[in-house]
Amino acid sequence: MLAKRVIPCLDIKDGRTVKGTNFVNLQDAGNPVELAIRYVHEQADELVFLDITATHENRSTLYQLVHEVASCVNIPFTVGGGVRSIDDVNMLLKQGADKISINSAAVRNPTLITTLAKEFGSQCIVLAVDVKEAIPGNWFVYLNGGRIATEIDAISWIQEAVDRGAGEILLTSMDHDGTKNGFAIELTRKISESVTVPVIASGGAGNMKHFEEVFKIGKADAALAASVFHFQEITIPELKHYLSKHQIPVRI
Amino acid sequence: MKTVIIQYNAGNITSVKIALERLGVSYTLSNEAEIIQQADRVIFPGVGEASSAMKYLQERNLDLVIRSLKQPVLGICLGMQLLCRYSEEGNTQCLGIIPTDVKKFNNQLKVPQIGWNTINTLNDSIFNNIPENAFVYYVHGYYVQKNDYTIATTTYGLDYSAAIRKEKFWGVQFHPEKSAQIGEQILKNFLSFS
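Residues numbered from 1 in each chain as written. Chains lettered and ligands numbered in written order. Predicted model: local features only at pLDDT ≥ 70, side-chain atom pairs only at ≥ 80, totals over all residues. Heavy atoms only, no water.

Engineer: In this structure, what is going on with the sheet that holds strand E12 (residues 158-166) of chain B? I would like to understand it.
Structural biologist: Backbone hydrogen bonds hold the strands of a sheet together, and the pairing may be parallel or antiparallel. Residue and element names in this part refer to chain B. Taken in spatial order, the seven strands line up as E2-E1-E3-E4-E13-E12-E11 in an open sheet, and their pairing is mixed. Only two strands of the sheet have a single neighbouring strand rather than two, namely strand E2 (27-30) and strand E11 (150-156). Each neighbouring strand pair of the sheet contributes to a mean axis angle of 25°, computed without reference to strand direction. Looking at chain direction, E11 and E12 are connected through six bridges and run antiparallel. Bridging from a neighbouring strand, Tyr156 pairs with Leu158 of E12. (Pairing = 2+ DSSP bridges. Helix = DSSP H or I, 4+ residues; strand = E, 2+ residues; numbered from the N terminus. Axes fitted to C-alpha atoms, helices over the stretch in contact; angles between N-to-C directions.)

What follows is the structure, encoded as structure tokens:
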């Protein structure tokens, strides 16, 4: 039976992991390579790396880091942040990334999804979407790490992206991110039921029950979290044990 | 002992290279007939689309080269599917080394299947030291039915082949290079074959 995935996310700035909440009061969360190795030992199902500065000057630092991490992990590894072109994707794959996540650039230029999916295959292209419930019951897409609002309806954008070839959706609820009050259950369920590709829920993990809810009620295929794992408020082995006890199929 | 990874247009092979490096195994990446033929064993990876991959192989006569190999060959994911007779993906005549066909998932589940699923009813030395129902990483939208050459099964809406073998051609649907220690053990087992 296909297992539900538990995915730690490393937000990267200047070669370090930072606690990435709303891009303010960035707190150092450690050496990304050491964290990656710890997560592999703890049976994380995948790793996600997001370059939150994503500036040109930082690009070579990122490539080097991606290569270093890829060399010591034996699980799937997704990298995102500032990806705009075939060349960007090629460079990251060459360093050992398995999947690439794209976000703002895809909203500004939706044909980017089509182009990348055709060039690299849908399995390689993860569409990341930052979403906010600006009007109750209506979710909108935000750009540039949540700093720019749009009037784009999140659900129709995600459907369009899947039609264009996105192979997975990384859905971050800005209303929940950093709150530790639980994932966006209703939104995740709506998205998961409206597309044919896996949905990774992100934002709001605070305790193990939250993961259970997002899998059971939210119908997520995977759940992603950062600080609760970095600071060991929840460890992945205890989380998986808990999920398994609650009849959620996980890889143990 | 020379291990050669066949280099062709099917997606990203960096992760296979890195997996071998982690195991301390030296390898050569090649699309040249002579180098592939002289290998002690051959890895035939692949993430991509069947018809364009076959076209690439045929244009370089690599289809003939692969069919003629007598040393151990490991097809991974699309590589495994290309070892078969026919694929519904792009209506493609494949290499025809293992007489079975590749079908599209046609069920209510999400396609492609992405994530960790088990390998069951293990029945081959490539699974030495691997427990029944171990988890490995899959990414695929097409599958090989259970058949006479099946050496492991898995379940996603239906039971199908997680791995197949005919003589010295092995095929695995999952990605051993991305399947943690279980995948490393499977690669080590293959690398011990001669």
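Engineer: Honestly, the pattern of salt bridges in this entry has me stumped. Any pointers?
Structural biologist: Between side chains of opposite charge, a pair can form as their charged atoms come close. With the rule as written, the count across this model stands at 26 salt bridges over all chains. B:Asp63 serves as the salt-bridge partner of B:Arg67, at 3.9 Å between the closest nitrogen and oxygen. On the criterion of helical spacing, the pair formed by B:Arg67 and B:Asp63 is a turn pair, its members being four residues apart in helix H4 (residues 62-68). Taking the relative accessible area as the measure of exposure, B:Asp63 reaches 9% and is therefore buried. Each of A:Arg5, A:Glu46, A:Lys99 and A:Glu168 takes part in salt bridges that share partners, so that together they form one network. (Salt bridge = Lys/Arg side-chain N within 4 Å of Asp/Glu carboxyl O. Buried < 20%, exposed > 50% of the residue type's maximum accessible area, 1.4 Å probe, protein only.)

Engineer: Teacher, can you tell me more about helix H3 (residues 50-59) of chain B here?
Structural biologist: Since there are 3.6 residues in each turn of an α-helix, residues three or four apart along the chain are aligned in direction. Residue and element names in this part refer to chain B. All buried positions along H3 are accounted for by Ala50, Ala53, Met54, Tyr56 and Leu57. Down the axis, H3 shows its buried residues gathered within 160° of arc, on one side only. Along H3, the residues that are exposed and aim more than 90 degrees away from the buried face are Lys55 and Glu59. Contact partners of the buried residues in H3: strand E3 (41-44), H4, helix H5 (78-82), strand E5 (86-87) and strand E6 (92-93). A positive phi of about 60° marks Asn61, the residue just after H3. (Arc of directions from axis to C-beta. Contact = heavy atoms within 4.5 Å.)

That is the geometry; function is a separate question.
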